[in-house]
Amino acid sequence: MKKWLVLLLVLVAILYFGNKNIKTTEIVVESDKLPTSFNRLKIVQISDLHDATFGENQTKLVKKVKDAKPDLIFITGDLIDSNRYDLENSLDLVEQIASFAPIYYVTGNHEIATNDMENIKTSLTELGVNVLTNEEETIEKDGEQVRIIGIEDPLNGVLVKEALSKFKQSDTFTLVLSHRPETFQDYVDHNMDIVFSGHAHGGQFRIPGIGGLAAPGQGLFPHFTAGVYEENNTRMIVSRGLGNSVFPVRVFNTPEIICVTLISK
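Within every chain, residues take consecutive numbers counted from 1 along the sequence as written. The predicted origin of the model limits local features to residues at a pLDDT of at least 70 and limits the giving and counting of side-chain atom pairs to 80 or more, whereas totals for whole chains, interfaces and linings rest on all residues. To get the side-chain values, all heavy atoms of the structure are used, and hydrogens and water are removed first.

1. Concerning the overall build of the protein
For step 1, the next point in the chain: Going along the chain from the N terminus, every DSSP run of H or I of four or more residues is numbered as a helix, and every run of E of two or more is numbered as a strand. Broken down by element type, the protein carries 7 helices and 16 strands.
For step 2, the next point in the chain: Summarising its shape, the C-alpha atoms of the protein cover approximately 70 × 40 × 35 Å along the three principal directions.
For step 3, the next point in the chain: Between buried and exposed lies partly exposed: a residue is buried under 20% and exposed over 50% of the maximum accessible area for its type, with that area taken using a 1.4 Å probe on protein chains only. In the protein, which comprises 265 residues, the share counted as buried stands at 52%.
For step 4, the next point in the chain: Contacts between residues were defined by any pair of non-hydrogen atoms, one from each residue, lying within 4.5 Å. Across the protein, every contact between residues at least 6 apart in sequence was considered, and the portion connecting residues at least 24 apart equals 72%.
For step 5, the next point in the chain: Only the protein chains shown count as cover for residues, and the accessible areas themselves come from Shrake-Rupley with a 1.4 Å probe. For the protein, the exposed area adds up to about 12,400 Å²; of that, 53% sits on carbon and sulfur atoms.
For step 6, the next point in the chain: This count recognises Lys and Arg as positive and Asp and Glu as negative, with His and chain-terminal groups excluded. Taken as the charge centre is NZ of Lys, CZ of Arg, CG of Asp or CD of Glu, depending on the residue. Across the protein, the centroid of the 25 positively charged side chains sits 10 Å from that of the 35 negatively charged ones.

Here it is, written out as structure tokens:
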């Protein structure tokens, strides 16, 4: 009986710390298309927070972002959770990290599901966040440019491929924020350089040697759950995210932020 109790306590501890710790995943992307002025540009990606908290007043998460020393911060949707909507909790995080670097944000399906999307966008804009709704912005350094495109989650009525078709093909190095990884082929077809996505929660339960068990939009044993995917000249970075929604726990799937360093070859 004692042995089973010990095993149970160990399992509970593994699940607890496996859902409350945060990993910083380092990724390096090299490209001969990236302007030399942007060499070693560092981007921190935050995805799928789902109103989760990491330490009192998000202290653990804020420290992780600060320690990464980002030049840009990308938030790729589901900052809040429509099932337990607490906008102030997530705005508190954004307000604390807004001084670290410029923030760019796109919606996920949960923002749209709240039917409070305009309030969310307005609140973020007031904190200085660049909210991109099927829009693009250009950042410039030493006379060279990089383009940032933000794709609204398709739950709002516009498919990803339709949104992408509105942007002109360009030789400018292009970074895309888009919540959905399952539309990878659309990003490839439109020659996007680097895409930042989330949504899959790492497959929720990760099976060693196999990968994620299930993901929205992909079903069982999904393909696009975590890491870097590449086809032609397009690379998609998929974050495992931070929080949970329908399933309250992750298994072998530590919450993460991603730190991407861009290298000009």
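We are not done yet, so read on.
2. Quick word on the pairing of strand β8 (residues 173-178)
For step 1, the next point in the chain: Taking burial as the measure, the 6 residues of β8 include 6 buried ones, the bulk of the element.
For step 2, the next point in the chain: Of the two faces of β8, the one carrying Phe 173, Leu 175 and Leu 177 and the one carrying Thr 174, Val 176 and Ser 178 are both buried.
For step 3, the next point in the chain: When DSSP finds at least two bridges between two strands, those strands are taken to pair. Across 6 bridges, strand β7 (residues 144-151) lies against β8 in parallel orientation. Note that in β8 the partner of Ile 149 across the bridge is Val 176.

3. Notes on the side chain of Glu 256
For step 1, the next point in the chain: Relative to the assigned elements, Glu 256 resides in strand β16 (residues 256-264).
For step 2, the next point in the chain: Pairing of N or O atoms within 3.5 Å defines a polar contact, subject to two protein rules: one partner must be a possible hydrogen donor and the other a possible acceptor, and residues neighboring in sequence count only if both atoms are side-chain atoms. Here Thr 25 takes part through its side chain, which lies 2.5 Å from a polar atom of the side chain of Glu 256.
For step 3, the next point in the chain: With sequence-adjacent residues up to four places away left out, Glu 256 is seen in contact with Ile 22, Lys 23, Thr 25, Val 238, Ser 239, Arg 240, Gly 241 and Leu 242.

4. So, the environment of Asn 134
For step 1, the next point in the chain: Mapped onto the secondary structure, Asn 134 falls in the loop between β5 (130-131) and β6 (135-141).
For step 2, the next point in the chain: Exposure remark for Asn 134: the relative accessible area of 18% places this residue in the buried category.
For step 3, the next point in the chain: Filtering out sequence-adjacent residues up to four positions away, Asn 134 remains in contact with Gly 150, Ile 151, Glu 152, Val 158, Ala 163 and Phe 167.
For step 4, the next point in the chain: A polar contact of 2.8 Å, which involves the side chain of Asn 134, links it to the backbone nitrogen of Glu 152.

5. Some details on a nonpolar patch on the surface
For step 1, the next point in the chain: A grouping of Leu 5, Leu 8, Leu 9, Leu 11 and Val 12 is seen on the molecular surface, where their side chains present a nonpolar patch of about 470 Å² in accessible area.
For step 2, the next point in the chain: Checked against the element boundaries, Leu 8 lands in helix α1 (residues 2-20). Grouping into patches uses exposed residues only, defined as over 30% relative accessible area, and leaves out salt-bridged ones; the cut-off is 9 Å for like charges and 5 Å for nonpolar side chains (Val, Leu, Ile, Met, Phe, Trp, Tyr). Salt bridges are defined by distance alone: a side-chain nitrogen of Lys or Arg within 4 Å of a carboxyl oxygen of Asp or Glu.

6. Some words on the sheet that holds strand β9 (residues 194-197)
For step 1, the next point in the chain: An order of β6-β7-β8-β9-β15-β14 is seen for the 6 strands of this open sheet, with the pairing classed as mixed. Either end of the sheet is taken by a strand with one partner, and the two such strands are β6 and β14 (227-231). The sheet shows a mean angle of 20° between the axes of neighbouring strands, direction not considered.
For step 2, the next point in the chain: With 4 bridges joining them, β9 and strand β15 (residues 234-238) adopt parallel strand pairing. By the bridge assignment, Phe 196 is partnered in β15 with Ile 237. Each axis is a line fitted through C-alpha atoms, and for a helix only the stretch in contact is used; angles between axes span 0 to 180 degrees, taken between their N-to-C directions.

7. Structural notes on the nonpolar core
For step 1, the next point in the chain: We define a nonpolar core as any set of buried Ala, Val, Leu, Ile, Met, Phe, Trp, Tyr and Cys residues linked to one another through side-chain atoms lying within 4.5 Å. Membership of the largest hydrophobic core comes to 29 residues, with the highest contact counts inside it found for Ile 46, Leu 61 and Leu 124.
For step 2, the next point in the chain: Elements with a contribution of two residues or more to this core: β2 (41-46), α2 (59-67), β3 (72-76), α3 (87-97), β4 (103-106), α5 (117-126) and β16.
For step 3, the next point in the chain: Ranked by residue count, the leading element in this core is α3, at 5 residues.
For step 4, the next point in the chain: Apart from residues lying up to four places away in sequence, Leu 124 is in contact with Leu 79, Leu 91, Val 94, Tyr 105, Val 129 and Val 131.
For step 5, the next point in the chain: Core analysis: the next-biggest nonpolar cluster, separate from the first, contains 23 residues, Leu 41, Leu 72, Ile 258 and Val 260 among them.

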